[in-house]
2 protein chains.
Amino acid sequence: MNDQANIKPYVIGLDLGGTNSVFGIVDARGEIKATTAIKTGSYEKAEDYVAACVEALQVIIEQVGGISKIKAMGIGAPNGNYYNGTIEFAPNLSWAKNGVVPLAKLFSDALGIPVALTNDANAAAIGEMVYGVARGMKNFIVITLGTGVGSGIVVNGQLLYGHDGFAGELGHVIMVRGKDGRSCGCGRTGCLEAYCSATGVARTAREMLAKTDRPSLLREMNPEDITSLDVSIAASKGDELAKEIYEFTGKMLGEACADFAAFSSPEAFIFFGGMVKAGDLIMNPIKKAYEESVMNIFKGKAQFLISGLDGASAAVLGASAIGWEV
Amino acid sequence: MNDQANIKPYVIGLDLGGTNSVFGIVDARGEIKATTAIKTGSYEKAEDYVAACVEALQVIIEQVGGISKIKAMGIGAPNGNYYNGTIEFAPNLSWAKNGVVPLAKLFSDALGIPVALTNDANAAAIGEMVYGVARGMKNFIVITLGTGVGSGIVVNGQLLYGHDGFAGELGHVIMVRGKDGRSCGCGRTGCLEAYCSATGVARTAREMLAKTDRPSLLREMNPEDITSLDVSIAASKGDELAKEIYEFTGKMLGEACADFAAFSSPEAFIFFGGMVKAGDLIMNPIKKAYEESVMNIFKGKAQFLISGLDGASAAVLGASAIGWEV
């Protein structure tokens, strides 16, 4: 009876995105038993964010029988550092933009359980490797297209952390050098993320609408309110301008992937996040630009896949996998 | 006596460069017992190149007591594939430019010993890890600045080969996109190699001389005859134009390294090859551009080192290290 009471069958996984924070309580087979979410929002201090998270978590923790049933927590977060359990200089998080936040420790103190943390895209890559389309692969790159552009790089079957835990920031390779580059949340200009994130796509839409008089369904909206989802909806209705926005975005992603191939020669690029719901609209231009751009020796070798798991699940499952290991 | 006769204390290491092919016969402690070299030259067929190599090798093989003393051979070669023992589509080798050359097998058949092969820059990286400035490092990138620009990437203490054995072609990331990019030997335009190899530096010199009337020691030469060595000599004499050529080259290398940091976050970039003889002339602009360009989280973390081994030795020793493992 006592033994039974001591079993801790669950871990908490947190997919901490620039917009949403999604929690899952996961069992050892990767089944999500309970889930909740809050807006990552505009908290000024990390402590306030953690307090809001813990409040939301209490409800689902009770659903599975209380905190005594929870072994640990795993977090996937932008600019998350696996080695230190910190988030450092995360451009899209108001409370971690300008410094080092010991997020694993804050959650551990608040919940009284061990907490591990990694980059959000690394968590997604682990999720894909354990439960998704990357099962059995040893060399692949997950590219997350959300509020930002993130990446999780697997080489020789291992996540690439680099010497300081921050490897895999492929959203911040420079695609447009010099004064013409768009400003990026990271404080520099011309980053892949400034063009190919959801916000980058919306910005491309505004630029294209302003530059021409061509008709488009997107003109029915206030330009400032256009999101990448609106572009996707317009494109799926056959809107030519919206399709061109995806072609522009996909071309840049494909060219970036050609450079990534020169680095780690993965067998697959796996795309993930809200923007991949556009399907072929984004994937076809990526593949076309990749094959046109990549070195001869890499042509025709890499697969371009869309995450087989629902976006949030893969990241939550990946984060939970980190949790099992603490 | 028979046992004694069966001991094979040496391996042959071959550093196969775009210009020179350097051979060393190496013992288990990494001591080079005999060495020779031939021009990699303009052989039409790989078989002719191998025949010329074997002829040169006979002399030093006899010096160490004959082929019975040689356990194996290791080759570091551009576009070398560790998995297959082949060279594939190597833009700087006339006899391996347009196809797949089974070089390990050709040497093995000619010499009657096992032969292993890897990318020339990977061989240099192994040389640095075992005998050079990267001793004890688990995450670093070797960048070779020679006829071409090559790279050997070590992550988690392992060489990064990728799924097909061709990872680490960092000379062929695109630094100038679109129609303004210089043509590269790989058939594309705008590659790092087209600017920062020895031939790229010579081309920069010709462009800068043609564009202005500024005085320079380099004007005493026929523009077509200028090499990166001439630029280095002029710069060391205080020639302002020559210094600017190195600043331009170093800036591009530093910006490229900033992108590489976003990929694998190495603790060191190690530069290697003829061009690093320019010392601070090239290293200072690299470091300056890197620190100005790199993401905040990487600033001030990476070391910029020059190979501690004489260039040819590190590559020969690295190639020989591959030989011990076959």
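Preceding this section is the structure that the text describes.
Only a predicted model underlies this, so the values are computations on that prediction, with no experimental measurement involved.

(A) Focus on the environment of Ile153 of chain B. Along the chain, Ile153 of chain B falls in strand E10 (residues 149–155). Each C-alpha atom of the pair Ile153 of chain B and Ile126 of chain B lies 9.7 Å from the other, and the pair is 27 residues apart in sequence. Those residues within four positions of Ile153 of chain B in sequence are excluded, and the remaining contacts are Phe263 of chain A together with Asn122, Phe140, Ile141, Gln158, Leu159, Leu160, Gly168, Leu170 and Ser264 of chain B.

(B) How the structure looks around the relation of the copies chain B and chain A. The transform that puts chain B on chain A rotates by 180° and translates by 0.0 Å along the axis, for an RMSD of 0.0 Å. Seen this way, the second copy is the image of the first under a two-fold rotation axis. The fraction of interface residues of chain B whose copies in chain A are also interface residues reaches 100%, indicating that both copies meet through the same surface.

(C) Focus on the state of the cysteines. Residue and element names in this part refer to chain A. Overall, the coordinates contain zero disulfides over all chains when judged by the stated rule. Cysteine Cys184 is unpaired, with the sulfur of Cys191 as its nearest cysteine sulfur at 3.8 Å. Free of any disulfide, Cys257 has its nearest cysteine sulfur in Cys196, 9.4 Å distant. Residue class for Cys257 comes out buried when judged on its relative accessible area of 0%.

(D) Quick look at the packing of aromatic side chains. All names here are of chain A. Counting across every chain of the model gives 23 aromatic pairs over all chains. Pairing Phe269 with Phe304 gives two aromatic rings, centres 5.1 Å apart and planes at 20°, and the pair type is stacked. With Phe269 in strand E12 (residues 268–272) and Phe304 in strand E13 (residues 303–306), the pair connects residues that are 35 residues apart, well separated along the chain. Each of the two residues, Phe269 as well as Phe304, counts as buried.

(E) Examining the pattern of salt bridges more closely. Enumeration according to the criterion identifies 26 salt bridges over all chains in this entry. Here Glu240 of chain A ties to Lys243 of chain A by a salt bridge, and the two come within 3.6 Å at their closest N and O atoms. Taken together, the residues span about one helical turn, with Glu240 of chain A and Lys243 of chain A both in helix H8 (residues 240–264) at a distance of three residues. When its relative accessible area of 49% is taken as the criterion, Glu240 of chain A is described as partly exposed. Taking relative accessible area as the criterion, Lys243 of chain A reaches 28% and is therefore assigned partly exposed. One salt bridge in this structure joins Glu292 of chain B and Lys288 of chain B, with 3.4 Å as the shortest N-O distance. Within this pair, Glu292 of chain B and its partner Lys288 of chain B are both found in helix H9 (residues 280–293), separated by four residues, close to a single helical turn. We note that Glu292 of chain B, like Lys288 of chain B, is exposed.

(F) Spotlight on the interface of chain B and chain A. Contact residues are listed per partner, giving 42 residues for chain B and 42 residues for chain A. Three residues stand out in chain B for area buried against chain A, namely His163, Arg177 and Phe263 of chain B, and they jointly supply 22% of the buried area on that side. Taken together, the connections running from chain B to chain A amount to six salt bridges. Salt-bridge contacts for Lys301 of chain A lead to Asp164 of chain B; the nearest nitrogen and oxygen are separated by 2.7 Å. The interface formed by chain B and chain A holds 22 residue pairs in polar contact (both at pLDDT 80 or more) in total. Looking at the side of chain B that touches chain A, the elements with two or more residues in it are E10, strand E11 (158–159) and helix H8 (240–264) of chain B. Partitioned by chemical class, the residues of the side of chain B that touches chain A number 21 nonpolar, twelve polar and nine charged.

(G) Examining the environment of Gln58 of chain A more closely. Residue and element names in this part refer to chain A. Tracing the backbone through its elements, the reader meets Gln58 in helix H2 (residues 46–63). For Gln58, a relative accessible area of 35% corresponds to the partly exposed category. Measuring from C-alpha to C-alpha, the distance between Gln58 and Pro215 comes to 50 Å, with 157 residues separating the pair along the chain.

(H) Here's a closer look at the sheet that holds E11 of chain B. All names here are of chain B. Spatially, five strands are ordered E11-E10-E9-E12-E13 in an open sheet, and the strand pairing comes out mixed. Looking along the sheet, the strands with just one partner apiece sit at the ends: E11 and strand E13 (303–306). Pairing of strand E9 (residues 140–145) with E10, which is carried by six bridges, proceeds in the antiparallel orientation. In the sheet register, Ile143 faces E10, and the bridge partner there is Ser151.

Calculation notes
Residues numbered from 1 in each chain as written. Chains lettered and ligands numbered in written order. Predicted model: local features only at pLDDT ≥ 70, side-chain atom pairs only at ≥ 80, totals over all residues. Heavy atoms only, no water. Helix = DSSP H or I, 4+ residues; strand = E, 2+ residues; numbered from the N terminus. Contact = heavy atoms within 4.5 Å. Least-squares fit on C-alpha atoms with pLDDT ≥ 70 in both. Disulfide = S-S within 2.5 Å. Buried < 20%, exposed > 50% of the residue type's maximum accessible area, 1.4 Å probe, protein only. Phe/Tyr/Trp six-rings, centres within 6.5 Å; stacked < 30°, edge-to-face > 60°. Salt bridge = Lys/Arg side-chain N within 4 Å of Asp/Glu carboxyl O. Buried area = accessible area lost by both parts, 1.4 Å probe. Polar contact = N/O pair within 3.5 Å; in protein donor to acceptor, adjacent residues only side chain to side chain. Nonpolar A, V, L, I, M, F, W, Y, C, P; charged D, E, K, R; others polar. Pairing = 2+ DSSP bridges.

That's the geometry; what it means functionally is another story.
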